[in-house]
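Notes for the structure review
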Amino acid sequence: MANKKIIGLYPGSFDPVTNGHLDIAERAFKICDELHVAVVANPSKNSLFSIAERVELLKKTTKHLPKVVISSFNGLLVNYAKEIKANIIFRGLRAVSDFEFEFQMALINRSLHKDIEVVFLVPNEKFIFLSSSSIKEVARLGGDVSGFVPHEVQKALQKFK
Ligand code: ADP
């Protein structure tokens, strides 16, 4: 059997991208022939950055990873996975608290698209506590987020102080 090309899809809100997200993207990248990092254009979430801004920040901060494609999509994740011919969906697991939601979503997605596998990756332990929402809160209150987000994101957050 010919070797199958591994096309990965790492979806998320990325509002904004953090060092935790990048850690997962770098691990996923090592496993794939081609990795798509895609911003979910979900209107039900209160976001700080627009979809275009989030895509731009992802592009700037993943420049060091060749064969990474940054995009955004509307609608069902599995439909987007089919569109780009992805065969793996990557998600990051920080703690047990992520597990229940992620487990449920993985089962739903697999029932909607039987040829896709959901793979969970665990970040470096120094990013376990990191979330976009906590970063936004710290930045809003004037705290130093330089250890948690790339420089480009730190700069972008300054306008919200
Ligand atoms: P969503 O709204 O889809 O959860 P996020 O942008 O918050 O989008 O996260 C996208 C993915 O990245 C999720 O799988 C999430 O668990 C994972 N993730 C977020 N922050 C981290 C982190 N610090 N370490 C590991 N995975 C993370």
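The paragraphs below set out a description of the structure included in this document. (Residues numbered from 1 in each chain as written. Predicted model: local features only at pLDDT ≥ 70, side-chain atom pairs only at ≥ 80, totals over all residues. Heavy atoms only, no water.)

Here's the deal with the pattern of salt bridges
- Per the counting criterion, the structure on display carries eight salt bridges.
- R54 serves as the salt-bridge partner of D15, at 3.7 Å between the closest nitrogen and oxygen. In this pair, D15 is assigned in the loop between strand 1 (7-12) and helix 1 (19-31) and R54 in helix 2 (residues 51-61), connecting sequence segments 39 residues apart.
- One network of salt bridges, with partners in common, ties together D15, R54 and K136. (Salt bridge = Lys/Arg side-chain N within 4 Å of Asp/Glu carboxyl O. Helix = DSSP H or I, 4+ residues; strand = E, 2+ residues; numbered from the N terminus.)

A word on the sheet that holds strand 3 (residues 68-73)
- The five strands lie next to each other as 3-2-1-4-5, forming an open sheet whose pairing is parallel. Two strands lie at the open edges of the sheet, namely strand 3 and strand 5 (117-121), each paired on one side alone. Strand after strand, the sheet turns through a mean of 30° between neighbouring axes, direction not considered.
- One ladder, built from six bridges, connects strand 1 with strand 2 (residues 34-40); its direction is parallel. (Pairing = 2+ DSSP bridges. Axes fitted to C-alpha atoms, helices over the stretch in contact; angles between N-to-C directions.)

Things to note about the pairing of strand 5
- In the sheet, strand 4 (residues 88-92) pairs with strand 5 via five bridges, with the strands oriented parallel. From the neighbouring strand, R91 faces strand 5, where its bridge partner is F120.
- One crossover worth recording links strand 4 to the parallel strand 5 by way of helix 4 (residues 96-112), and it is right-handed. (Right-handed = clockwise from strand over helix to strand, strands pointing away.)

Overview of the side chain of T61
- With respect to the helices and strands, the residue T61 is situated in helix 2.
- Not counting residues up to four positions away in its chain, the partners in contact with T61 are V17, L22, P150 and E152. (Contact = heavy atoms within 4.5 Å.)

With respect to the packing of aromatic side chains
- This model, assessed by the stated rule, comprises four aromatic pairs.
- Ring centres of F73 and Y80 lie 4.6 Å apart, and the angle between their planes is 5°; on these two criteria the pair is classed as stacked.
- Ring geometry for F129 versus F148: centroids 5.8 Å apart, planes at 85°, classification edge-to-face. With F129 in the loop between strand 5 and helix 5 (132-140) and F148 in the loop between helix 5 and helix 6 (151-157), this residue pair connects regions lying 19 residues apart in the sequence. (Phe/Tyr/Trp six-rings, centres within 6.5 Å; stacked < 30°, edge-to-face > 60°.)

Function-wise, these values are silent; they only describe arrangement.
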